[in-house]
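Structural description and commentary
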Amino acid sequence: MKKPPPVALICAGKLTDTPLTRLRALVERLGPVSSSSLRVASRVVNTLRAGYPVSDYEAFQDCSVVVLSVPDGAAVDFVGDLAAAGLDWSKKFAVLFSTLLESDTLAPLAAAGAHTVSLCAVGGFDGRLFLAEGDRAGIAGVRPLLPARDVKLMHVPRGHKAFYLAAAACTGPLLASVLICAGECLKLAGLAASDASGIMLVQAQKTTRAFLNAGKKMYQEPADLERQIAVLREHKPEIAQFFEQSAKLAGGIAR
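Heads up: these notes are all about the structure in this document. Predicted model only: the values in this text are computed from it and were never measured.

**Considerations on the pattern of salt bridges**
- All told, the structure shown has seven salt bridges when counted by the stated rule.
- Notably, a salt bridge pairs arginine 128 with aspartate 126, separated by 3.7 Å at the nearest N-O pair.
- Looking at arginine 128, the relative accessible area reads 42%, which means it is partly exposed.
- Note that glutamate 184 and lysine 187 form a salt bridge whose closest N and O atoms lie 3.6 Å from each other. Residue glutamate 184 and its partner lysine 187 are both found in helix H6 (residues 161–188); the two are separated by three residues, about one turn of the helix.
- Its relative accessible area of 17% is what places glutamate 184 among the buried residues.
- One continuous salt-bridge network, built from bridges that share partners, spans Glu184, Lys187 and Lys236.

**Side note on the sheet that holds strand E1 (residues 7–11)**
- Pairing within the open sheet is mixed, and its eight strands lie in the order E3-E2-E1-E4-E5-E6-E7-E8. Here the strands that pair on one side only, and so sit at the sheet edges, are strand E3 (52–53) and strand E8 (152–156).
- As judged from the five bridges shared by strand E6 (residues 115–121) and strand E7 (residues 129–134), these two strands associate in the antiparallel manner. Looking across to E7, one finds that serine 118 is bridged to glutamate 133.

**Some words on H6**
- Helix length check: H6 (28 residues) gives 40 Å between terminal C-alpha atoms against 40 Å at 1.5 Å per residue, within 8%.
- Those residues of H6 lying buried are Lys161, Cys181, Glu184 and Leu186.
- Elements that come into contact with the buried residues of H6 comprise E6, E7, E8, helix H7 (193–214) and helix H9 (237–253).
- The first or second residue beyond H6 is glycine 190, which carries a positive phi of 95 degrees.

**Points about a nonpolar patch on the surface**
- On the surface, Leu175, Val178 and Leu179 cluster together to form a nonpolar patch covering roughly 220 Å² of accessible area.
- Relative to the assigned elements, leucine 179 resides in helix H6.
- You can call leucine 179 partly exposed: its relative accessible area is 34%.

**Things to note about the nonpolar core**
- Counting residues in each nonpolar core, the largest one holds 30 residues, and the members touching the most others are Leu9, Leu26, Val67, Phe97, Leu119 and Leu153.
- When residues of this core are assigned to their parent elements, the largest contribution, four residues, is made by helix H2 (residues 38–48).
- In contact with phenylalanine 97, other than residues within four places in its own chain, are Pro19, Leu20, Leu23, Leu26, Val67, Leu68, Ser69, Val70 and Leu119.
- By size, the runner-up hydrophobic cluster in this structure holds 21 residues, among which are Ile10, Val54, Phe78 and Leu96.

**A closer look at the packing of aromatic side chains**
- All told, the structure shown has one aromatic pair when counted by the stated rule.
- Ring centres of tyrosine 57 and phenylalanine 60 lie 5.2 Å apart, and the angle between their planes is 40 degrees; this geometry places the pair in the tilted category.
- Judged by relative accessible area, which is 0%, phenylalanine 60 ranks as buried.

What counts and how
Residues numbered from 1 in each chain as written. Predicted model: local features only at pLDDT ≥ 70, side-chain atom pairs only at ≥ 80, totals over all residues. Heavy atoms only, no water. Salt bridge = Lys/Arg side-chain N within 4 Å of Asp/Glu carboxyl O. Buried < 20%, exposed > 50% of the residue type's maximum accessible area, 1.4 Å probe, protein only. Helix = DSSP H or I, 4+ residues; strand = E, 2+ residues; numbered from the N terminus. Pairing = 2+ DSSP bridges. Expected span 1.5 Å × (residues − 1). Contact = heavy atoms within 4.5 Å. Patch = residues over 30% accessible without salt bridge, like charges linked within 9 Å, V, L, I, M, F, W, Y side chains within 5 Å. Areas by Shrake-Rupley, 256 points an atom, 1.4 Å probe, with all protein chains shown as cover. Core = buried A, V, L, I, M, F, W, Y, C linked by side-chain atoms within 4.5 Å. Phe/Tyr/Trp six-rings, centres within 6.5 Å; stacked < 30°, edge-to-face > 60°.

Limitation: the analysis is restricted to geometry and does not speak to function.
See below:
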């Protein structure tokens, strides 16, 4: 079997903040590694126990895939330097590891002919689920980098990652704010913390299951809202405000 072309890596920042160490298929194909300096590139190579450090991007020419694992704030500069290196991108794949950035960050490389993709691990799945955003042809360059078993790769079209991020905010920080509100209300009710935790867990799971089964149809407007808001306003004005505004907004999107 013909050996696949090597993968090039541009790496900066903490390796622990990236999925690199878990992607053995990528590491096994690793070739030239570049960073902010040859010393840092050597450190990355030693940590991954693969690849070899290089001081310029000319060594990337024979690589089919170029992976960028850099802090979001530095991505534009790294991409600009890479685009100015004079490489032939017509048959290359450029992959950006980033939770927030989309493939448009790689636009200079796409303009030069590269297939471009942003890749991130989906939270809560312990590296078993990844999301790739970009052109569909670019997925062909990403899939071989992931373990063949027990890892799923989902694809969203170019420019659609923001919708996924909004959903992640809803099931993360925004859901946390609702749970904080619920916890404060149960505390005001005088319930022990252990009892409150049990109630919140069961009721949140029940609501989630109901939504997954019936969608918007499961929504019912809370009863006796005005009295609850008035009582909360006397004891916890900030919770009352959040509760009232959330209830109004929830009714609007559930229609």
